[in-house]
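These are the residues of each chain, in order.
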Amino acid sequence: MRYNTSNYARIDLYGVREGNDAQILLDYKNDTHNLTIKNSDKYFHLSATVPHDTQISITAERARITFGYLSECENIYEQGIKMLDYSAEPELPRVSQSSTHFEPPANWMNDPNGLVQFNGVYHMFYQFDPFGWDWGPMHWGHAVSHDLVHWTHLPVALDAHDVIYADDEWVGGAFSGSALPVDADGQPCNGANAIAINIFFTYHHEIPRIAAETEVECQYMCSSTDGIHFTKPQMIIDREADDFGVDFRDSKIDVTALRGVEGVEEGSSFISIATNLPAGFDNGYFSEAQGVRAFDVESMTPAGHWFTESAWDSADCEKWTASTEIVPVIAGYIASPGSDLGKPESWTYSGALLAEYEYGVAKTYECPDTFELDGRKVSIAALMHVRDSRGAFQPVNWYVGNIVQQGTQDAPLLRLNVQSRGLCDFGSAFYAVQSFEDERGRRIAVGWLVDWYGQRRKSTSASNGAMTFPRELHIVDGTLRSYPVQEIFDYAVKDKLSTADADSPYYARIELDADSKEVKSDFDVILAEKGDASVHLERRDGVIGISIRGTGMDALFYSTHVDSVHTVEIFMDGTVLEVFINKGEDAGSFIFDAPGQLTQSVTFLESFEFTISAGIKLATIRELKNVH
């Protein structure tokens with residue numbers, strides 16, 4: 001294939017070696033440049049400097065290129081990378097799954113990582129596989145935005161480490177983590193005053209068939225002064241004790257978590273890490289607070305929930321065996337103000353901030369996050385291998401309370417005393433949420449639209465993954481609320497839509513009159529159809545929820561926990577649906593995909609107010625912009 005380099009100065013190519021003596025040939029200006037692939041490696045990432053405004057021909061010999069781009073230009077934040085026409089699935093259509101939700105340029109994407117605002121620019125890193133449409137060796141993809149709506153793709157920020165490239169028997173890579181803006185002394189600061197970004201993340205590798213003997217997870221840090229080029233990662237945190245589980249990952253740094261905590265130096269940094277510890281390690285501190293008196297499956301499984309490693313498996317499935325010998329834990333690490341955050345000696349283990357006994361059958365936490373919000377302390381984390389009767393798999397929980405110091409400054413022991421808890425999202429497709437504080441002081445969170453039920457189709461798009469809208473978080477009456485940032489309404493929502501635009505993605509707001517005697521009437525309205533499948537907004541027995549039919553999920557009804565629903569806001573965006581109840585009192589995220597033509601059913605919605613009893617009306621319906 002031939003490309004013009006335009007004003008770019010570098011080419012990056014990722015792919016898979018398919019024979020010995022493999023190489024990539026770059027032909028330009030009557031010369032051939034050979035990029036050699038190691039015979040010892042399964043995967044490759046090759047890069048080279050290229051001249052501006054030059055036609056370049058690329059030939060792969062005994063190798064397959066799965067992802068490639070041009071980079072290094074003067075205005076990279078505005079222009080972004082130039083994608084080359086390579087994909088792990090070249091036959092797939094180069095179309096987006098949605099109009100307004102963030103997606104990778106191609107291939108697999110999962111957890112949002114390193115969310116940060118740096119010198120006025122929002123950065124989103126994310127788990128990315130340059131080699132395939134499915135999950136594989138984890139890298140950090142990267143994009144930037146000035147408004148949280150329009151995103152520009154940048155070069156891959158972090159590669160998987162050498163052991164992953166060398167042998168595909170090993171799996172893992174650069175797993176999830178976080179980012180922190182720092183000043184000239186390497187100290188945390190407002191992003192507007194920062195001169196660098198520090199990245200904290202987990203390197204993971206294992207051989208799945210012997211995971212217990214081979215799995216390694218440690219926390220690393222690297223830095224960048226331009227948000228593009230990063231220093232070599234250095235390990236900062238290893239497992240603290242032998243009784244930590246093999247799961248020890250997803251380091252999330254925050255400088256607000258310990259504000260005002262008595263016995264902790266003001267300005268200390270805090271890292272949350274997901275792991276597990278033996279049940280009873282805390283001598284009853286967390287288990288008694290959660291009302292768990294015995295360490296058995298019945299006592300450590302809430303009603304209507306069960307342990308499973310698959311979203312599809314029912315409560316009576318005998319395929320999986322729950323363990324109550326370990327419990328999910330958020331492990332904490334503290335760094336004093338003024339310390340070098342890139343040095344292992346700067347980080348002190350502060351004990352288990354939180355242990356989950358109520359859902360003690362869960363394998364571990366994932367993607368923990370601890371911060372201060374509206375004067376309260378909040379932890380968020382997902383519970384692995386748990387499902388409920390509604391169909392929610394690996395639910396993301398929030399915990400609100402206060403942090404207390406039970407140790408000393410030299411030997412800290414920090415505990416989160418939980419005063420209230422709940423689910424971050426009532427939908428089927430919300431996971432790995434991460435938050436950050438932007439330069440205006442807003443606490444903003446983004447989640448991964450996970451596809452537990454296999455809804456997404458390769459025929460839909462060459463990319464496999466999307467993120468939720470950025471949501472602003474608040475604590476109201478002891479509960480966590482989440483609602484799209486104002487920028488979504490300012491830049492992603494257009495004018496009123498007519499029935500002539502029935503296939504357009506849309507935003508709709510439905511209002512329910514709480515004073516109406518008929519407001520509790522049940523209803524069922526189609527939000528979108530695709531082939532034989534459809535997604536519905538329903539009220540069953542007085543409860544608002546979402547159902548998806550024709551994809552194998554017909555028996556599931558995802559209901560909100562809110563009893564008195566006044567408004568339902570719907571973002572029906574291609575294969576993505578987000579629903580917000582009472583301006584953020586609850587939220588639901590869904591993936592909807594099936595073979596066939598998509599109809600985003602404005603026609604159904606506009607007839608809604610005429611088919612439902614008094615007290616319910618369609619207040620507005622507006623088109624969503626295509627921002628890709």
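Here is what the cut-offs are and how they apply
Residues numbered from 1 in each chain as written. Predicted model: local features only at pLDDT ≥ 70, side-chain atom pairs only at ≥ 80, totals over all residues. Heavy atoms only, no water. Helix = DSSP H or I, 4+ residues; strand = E, 2+ residues; numbered from the N terminus. Rg over C-alpha atoms; globule rule 2.2 N^0.38 Å. Buried < 20%, exposed > 50% of the residue type's maximum accessible area, 1.4 Å probe, protein only. Contact = heavy atoms within 4.5 Å. Lys, Arg positive; Asp, Glu negative; His and termini not counted. Charge placed at Lys NZ, Arg CZ, Asp CG, Glu CD. Domains from an automatic or database assignment. 1 Å grid on protein atoms, 1.4 Å probe; cavity = no way out; pocket = protein on both sides within 12 Å on 5 of 7 lines; lining within 4 Å. Points joined across faces, edges and corners; volume = space filled by probe spheres on them. Nonpolar A, V, L, I, M, F, W, Y, C, P; charged D, E, K, R; others polar. Pairing = 2+ DSSP bridges. Salt bridge = Lys/Arg side-chain N within 4 Å of Asp/Glu carboxyl O. Phe/Tyr/Trp six-rings, centres within 6.5 Å; stacked < 30°, edge-to-face > 60°. Lys NZ or Arg CZ within 6 Å of the ring centre and 35° of its normal. UniProt positions renumbered as here; feature names shortened; annotations may be inferred. Polar contact = N/O pair within 3.5 Å; in protein donor to acceptor, adjacent residues only side chain to side chain. Axes fitted to C-alpha atoms, helices over the stretch in contact; angles between N-to-C directions.

### Overview of the overall build of the protein chain
Part 1 of the reasoning: Looking only at helices and strands, the protein chain has seven helices and 42 strands in total.
Part 2 of the reasoning: Relative to a compact globule of 628 residues, whose C-alpha radius of gyration would be 25 Å, the protein chain shows 25 Å and is just as compact.
Part 3 of the reasoning: Across the 628 residues in the protein chain, those meeting the buried criterion constitute 61%.
Part 4 of the reasoning: The contacts in the protein chain between residues at least 6 apart in sequence include a share of 66% that link residues at least 24 apart.
Part 5 of the reasoning: Put simply, the protein chain has 47 plus and 93 minus side-chain charges, and the middle of one group is 3 Å from the middle of the other.

### A look at the domain arrangement of the protein chain
Part 1 of the reasoning: Along its sequence, the protein chain is carved into domain 1 (2-74), domain 2 (247-433) and domain 3 (489-624).
Part 2 of the reasoning: Summarising the inter-unit geometry, the C-alpha centres of domain 1 and domain 2 are found 44 Å apart.

### Quick notes on the layout of surface pockets
Part 1 of the reasoning: Approximately 720 Å³ is the volume attributed to the largest pocket.
Part 2 of the reasoning: Along the wall of the largest pocket there are 30 residues; nearest its centre are Trp135, Phe175, Arg249, Glu366 and Met384.
Part 3 of the reasoning: When residues of the lining of the largest pocket are traced back to their parent elements, those giving at least two are β9 (107-118), β13 (171-182), β14 (196-206) and β17 (249-254).
Part 4 of the reasoning: Residues belonging to the lining of the largest pocket are distributed by class as follows: 13 nonpolar, seven polar and ten charged.

### Some words on the pairing of strand β35 (residues 533-540)
Part 1 of the reasoning: Among the eight residues in β35, seven count as buried, and that is most of the element.
Part 2 of the reasoning: Bridge analysis of strand β34 (residues 523-530) against β35 gives seven bridges, and the strand direction is antiparallel. When the sheet's bridge partners are listed, Lys530 is paired in β35 with Ala533.
Part 3 of the reasoning: A loop of two residues connects β34 with β35, the two strands running antiparallel in sequence, and Gly531 in this loop sits at a positive phi of about 60 degrees.

### Description of the pattern of salt bridges
Two side chains of opposite charge can pair, provided their charged atoms sit close to one another.
Part 1 of the reasoning: Enumeration according to the criterion identifies 29 salt bridges in this entry.
Part 2 of the reasoning: Residues Arg64 and Glu18 are paired through a salt bridge, measuring 3.1 Å at the closest nitrogen-oxygen approach. Of the two residues, Arg64 is situated in strand β7 (residues 63-71) and Glu18 in the loop between β2 (10-17) and β3 (23-28); the sequence distance between them amounts to 46 residues.
Part 3 of the reasoning: The exposure class assigned to Glu18 is exposed, which follows from its relative accessible area of 52%.
Part 4 of the reasoning: Linking Arg442 and Glu487 is a salt bridge whose minimum nitrogen-to-oxygen distance equals 2.8 Å. With Arg442 in the loop between β27 (431-437) and β28 (443-448) and Glu487 in helix α5 (residues 486-491), the pair connects residues that are 45 residues apart, well separated along the chain.

### Quick look at unusual backbone geometry
Part 1 of the reasoning: Positioned with a positive phi, Glu72 is a non-glycine residue whose angle comes to about 65 degrees.
Part 2 of the reasoning: As for its placement among the helices and strands, Glu72 is situated in the loop between β7 and α1 (76-79).
Part 3 of the reasoning: Classification of Glu72 as partly exposed rests on a relative accessible area of 30%.
Part 4 of the reasoning: Phi angles above zero are rare outside glycine, and Asp477 is one such case at about 55 degrees.
Part 5 of the reasoning: Mapped onto the secondary structure, Asp477 falls in the loop between β30 (471-476) and β31 (479-484).

### Overview of the packing of aromatic side chains
Part 1 of the reasoning: Counted according to the given criterion, the structure contains 41 aromatic pairs.
Part 2 of the reasoning: Judged by centre distance (6.1 Å) and plane angle (75 degrees), the ring pair of Tyr122 and Phe436 falls under edge-to-face. On the criterion of sequence distance, the pair formed by Tyr122 in strand β10 (residues 121-129) and Phe436 in strand β27 is long-range, its members being 314 residues apart. Per residue, the accessibility class of Tyr122 equals that of Phe436, and both read buried.
Part 3 of the reasoning: Site record: aromatic cluster; members linked through ring pairs are Tyr14, Tyr43, Phe67, Tyr69, Phe102, Tyr126, Phe128, Phe131, Trp151 and Tyr165.
Part 4 of the reasoning: When the ring centre of Tyr285 is taken as origin, the NZ or CZ atom of Arg415, which lies over that ring, is 5.3 Å away.

### Looking at the UniProt feature "domain: Glycosyl hydrolase family 32 N-terminal" (unreviewed entry) in the protein chain
Part 1 of the reasoning: Per the UniProt record, the feature "domain: Glycosyl hydrolase family 32 N-terminal" (unreviewed entry) sits at residues 101-253 and 346-484.
Part 2 of the reasoning: Note that residues 346-484 is 0% helix and 54% strand, and that its end C-alpha atoms are spaced 37 Å apart.

### Digging into the environment of Asn198
Part 1 of the reasoning: Positionally, Asn198 belongs in strand β14.
Part 2 of the reasoning: With 147 residues separating them along the chain, Asn198 and Pro51 place their C-alpha atoms 31 Å apart.
Part 3 of the reasoning: Excluding anything up to four places from it in sequence, Asn198 contacts Ser178, Ala179, Leu180, Val182, Gly186, Met221, Cys222, Ser223 and Leu341.
Part 4 of the reasoning: Within the structure, Asn198 has its side chain in polar contact with the side chain of Ser223 (distance 2.7 Å).

### Digging into the sheet that holds β27
Part 1 of the reasoning: Here four strands make up an open sheet; going across it, the order is β27-β28-β30-β31 and the pairing antiparallel. The sheet is open, and its two edges are formed by β27 and β31, each paired on a single side. Averaged over all pairs of adjacent strands, the angle between strand axes in this sheet comes to 35 degrees, irrespective of strand direction.
Part 2 of the reasoning: Bridge count between β28 and β30: two bridges; the pairing is antiparallel.

### Observations concerning the side chain of Asn276
Part 1 of the reasoning: Along the chain, the position of Asn276 falls in strand β18 (residues 269-278).
Part 2 of the reasoning: Setting aside anything within four residues of it in sequence, one finds Asn276 in contact with Asp243, Phe244, Gly245, Asp247, Ile326, Val327, Pro328, Val329, Lys363 and Thr364.

### Remarks on the pairing of β13
Part 1 of the reasoning: Counting buried positions over the twelve residues of β13 gives eleven, a clear majority of the element.
Part 2 of the reasoning: Where β13 and β14 come together, ten bridges link them in antiparallel fashion. Note that in β14 the partner of Ser178 across the bridge is Phe200.

### Notes on the side chain of Asn582
Part 1 of the reasoning: Considering the arrangement of structural elements, one finds Asn582 in the loop between β39 (576-581) and β40 (586-591).
Part 2 of the reasoning: Among the polar contacts made by the side chain of Asn582, one reaches the main-chain amide nitrogen of His566 at a distance of 2.7 Å.
Part 3 of the reasoning: Excluding anything up to four places from it in sequence, Asn582 contacts Val562, Ser564, Val565, His566 and Thr567.

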